[in-house]
Amino acid sequence: KKNWNCCSNSGNTYTDLRPVPPLIQSSALMSQTGGETQILDGVEPSKAGTNLDKPLNYDKLIKLFTHPDTSALYDRQISQLRRVARHNPNGFPLKSLPKIQQLILLALQQLNSGQPQFTKPLTSLITLAGIPFSRDCSNEELTPNGLKSAESMYRALNTVMCDAADINLQVAATAALTEVAKGKSLEKKKAPSEIKVLGVRGGTVKNDQRPKPRDLSQSMLNKSGVVDGCVNILSRVSGVMIERLDAMVEAGSLDYISDESSDEEEGEIESPPAPVAVGVPEGSLDTATDTLSNPSAVVETGTLSVASLSEPKVSPRPLLMALLKLLSELSESATNATLITLTGGDVATVEIMDRLNDDRDETLNLCVEILWNCLEHSSNTLNHSSPAPSRAELIKKRRKGNTMYCLGDKVGILCKTFRNLLHRGFRNKDKETRNEILILSSLIARNKRSHSFFLSSSFVKVMCVYATVAEVGTDPDGDGEEVSHVDPHNFATVSPADLELKRILWGLLSELSRANADILKVCVESPLIETLLMYLDTDLDGDGIPDDAMYTEPEVNEEDIVDEDGDGVDDKLQVPVTMGAAGAQSLISRIPRTQLRVLQSQALMVLLNLAPRAPDKFKALGGPIVVLRFLDWCDDNPLNRELIQGALMLLISVVGLPGLQEELAQMDAIRIMLQRFNDHGSPESLRADAVRIIGRLCAGHEGNQELLRKNLGIMPLVKELEEYCKHRRIICGKPKLSATGQQQAEQQDDSDTGGSMGGSAKETISPLIVAVVDCMWSSCVGNRR
């Protein structure tokens, strides 16, 4: 704009030297945020000449809506709403929030009364309410007035989200609340990590006592009723979409009209119709609800027209996605996660997953994230919180507010989603989502209420199949139902996601079988134990000696990775293996050494749980022999110590089975255990397990006692006891000391003996010494030789 020319009484003309504000030509608002430009879509730009320093009279603007003479001046009201948006390009000031939220609610009333022209200016105000509020003084947002003002604005946004007649406005309010839940702060964005305080030596205090912006925002949203409102509107939206989908399925066929087509253009989907996913373009929420209440208007001679359900056609999918994003942010707070469970948000989320047809839909990832947050918070609450003070609080904590309990009967939905991802999910992202579904199932399995549903939904059987199919064949359980129709690219490769799938499946089946006898029976009847033993029988070349690098692939360097599909995984690892017994050898030989050690450690832990509960099958499969041979093949590499420890613990649990003493002795078990015991560089726990196995092999068996003597095993045991006796201090016969002198003497004894005080109640005996004494008793006492 040109500068104004002002004329004085004398006729002289002066030029107005006031700076002209720049003309913003973009349709989006550009606000300065810490030196950066933030663009907010849907906000009207400031006009040239807008004086941002001049305060607005909000009382006068409110009167424009409430006074009888001006309540119908819609154009003037819209103009003033746009003026408020132009006047606050960087966010609303805290002190003005109570007045601004009144304007928003008044404009919402005009919109719901049939004035759609208020949608755009109201959207601008709501978008501005989503960015951090500006303050006039330090910590103004923490004062009682500041907290009250912010809470009033959040209540207004919640009202718009729940009660607005326009879905686009509901989406804008939900998006604004999502930004608030993230806890962004303009003032604290460049705050130093350390706060300098006068009067403190050094001048450094690292702990800021003020609440974090995210925690403060989450707390205020909780008090404002946003969590309740979000769950209620989510249940409403998903419920209407589920009802409409059911109506289409019952009709048998439908005439679909897309949002882009005109009223005359119709595309027909022939019977039987393809499954419709949640979020297909459909009518508005309220109109759809009214139409579905009249069945005669829905079904006409076996054909359903989506256009007949609602007019105008507005897809609820954006609102559904916005609500799920808001719920995802809210679920990261423990308090809000509990409230989501109490209000049924977790059940509504699972039901949305059940209606999804496209497994690649972003909706599925959002649902998984919400459920994961709620389940983790419930688990932490049960494990670390204080006892409930009353029966009502106990029920709330253990049942109503416990996501693991509430989702116990929804295991079948997770099983369905898991199978769909196995059938159609070949991308690395699909495999990650599949593994996350199993993690959700493992969290739910911590509550015993869900165990019966794992069985009734056949989830246990499905997990047993895909935990063993790559190693034993396409019909692992032998029931005649093969899984050859599933592409092996989806699960039978050595990519990190598929190896993680095996670990999660093994761990989940182990936990379920430990807690439920019926699930244990299913796992034992499946080839799960056989598959786990395959990973311990790593003599792939069959020469009876440990394998070297030529039989097990080493780690691949980054420069040698070939990733043509751009998913971040080496293409060589995504080649499927051959199903069946030959496939087991092919699969294990292609696993890099690091990942193979992890799988072997997991297999040992699962066998440690299953073998004592199914000793007959473990022995029939030659499990003790395989574990003993695996223990003999493990070298002294420190990376193998965890594997050695697991193998020793597994042998301890089964060495007492009938007939194993002589069978293991023939496999040179005494020599192998003495070799582990005589390795003084190993941890004491490992040496203690080795000598404990020797004691159990020799207990009541003269032949094994003879083998121990011939392998020169008696003297190492005696020497270990002699070394212990040398370092054991006998505190007896010493002169009496005063209290101070006694305390000094005890401290001296502690320093001399490394904390092991002999001859007193404070003496701590090593488990290794206990195991050695037990072995001496079992193998030597009573044997004259």
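Structure: above.
A few points on the structure.

Criteria and thresholds
Residues numbered from 1 in each chain as written. Predicted model: local features only at pLDDT ≥ 70, side-chain atom pairs only at ≥ 80, totals over all residues. Heavy atoms only, no water. Helix = DSSP H or I, 4+ residues; strand = E, 2+ residues; numbered from the N terminus. Buried < 20%, exposed > 50% of the residue type's maximum accessible area, 1.4 Å probe, protein only. Areas by Shrake-Rupley, 256 points an atom, 1.4 Å probe, with all protein chains shown as cover. Patch = residues over 30% accessible without salt bridge, like charges linked within 9 Å, V, L, I, M, F, W, Y side chains within 5 Å. Salt bridge = Lys/Arg side-chain N within 4 Å of Asp/Glu carboxyl O. Lys, Arg positive; Asp, Glu negative; His and termini not counted. Charge placed at Lys NZ, Arg CZ, Asp CG, Glu CD. Core = buried A, V, L, I, M, F, W, Y, C linked by side-chain atoms within 4.5 Å. Contact = heavy atoms within 4.5 Å. Phe/Tyr/Trp six-rings, centres within 6.5 Å; stacked < 30°, edge-to-face > 60°. Lys NZ or Arg CZ within 6 Å of the ring centre and 35° of its normal.

1. Structural notes on the overall build of the chain
Piece 1. The helix and strand tally for the chain stands at 34 helices and nine strands.
Piece 2. Within the span of the chain, comprising 785 residues, buried residues form 47% of the whole.
Piece 3. As presented, the chain carries roughly 39,200 Å² of accessible surface, and 51% of it is formed by carbon and sulfur atoms.

2. Points about a positive patch on the surface
Piece 1. Together, K54, K60, R76 and R83 make up a positively charged patch on the protein surface.
Piece 2. With respect to the helices, strands and loops of the structure, R83 is situated in helix α2 (residues 74-87).

3. Details of the pattern of salt bridges
Oppositely charged side chains can pair when the atoms bearing their charge come close.
Piece 1. By the definition in use, this model includes 23 salt bridges.
Piece 2. Measuring nitrogen to oxygen at the nearest pair gives 3.9 Å for the salt bridge that ties E351 to K410. Of the two residues, E351 sits in helix α12 (residues 345-355) while K410 sits in the loop between α15 (403-406) and α16 (411-424), which places them 59 residues apart along the sequence.
Piece 3. When its relative accessible area of 32% is taken as the criterion, E351 is described as partly exposed.
Piece 4. Between D498 and R434 there is a salt bridge, with its nearest N and O atoms 3.0 Å apart.

4. Considering the nonpolar core
Piece 1. The biggest cluster of nonpolar side chains holds 179 residues, and the ones touching the most others in it are F92, M463 and M673.
Piece 2. Per-element tally for this core: the top contributor is helix α19 (residues 459-472), with 10 residues.
Piece 3. Aside from chain neighbours lying at most four places away, what touches F92 is V84, L97, I100, L125, L128, A129, F133, S134 and M153.

5. Points about the packing of aromatic side chains
Piece 1. Within this structure, the stated rule accounts for seven aromatic pairs.
Piece 2. Measuring from centroid to centroid gives 5.2 Å for W506 and Y535, while their planes differ by 75°, and the two rings are edge-to-face. You can see W506 sitting in helix α20 (residues 496-515) and its partner Y535 sitting in the loop between α22 (528-534) and α23 (581-590), a full 29 residues away along the chain.
Piece 3. Members of the aromatic cluster, connected to one another through ring pairs, are F65, Y74 and F118.
Piece 4. Across the ring face of Y405, the terminal group of R449 is positioned such that the distance to the ring centre comes to 4.5 Å.
Piece 5. The residue whose ring lies beneath R687 is F677, and the NZ or CZ to ring-centre distance is 4.9 Å.

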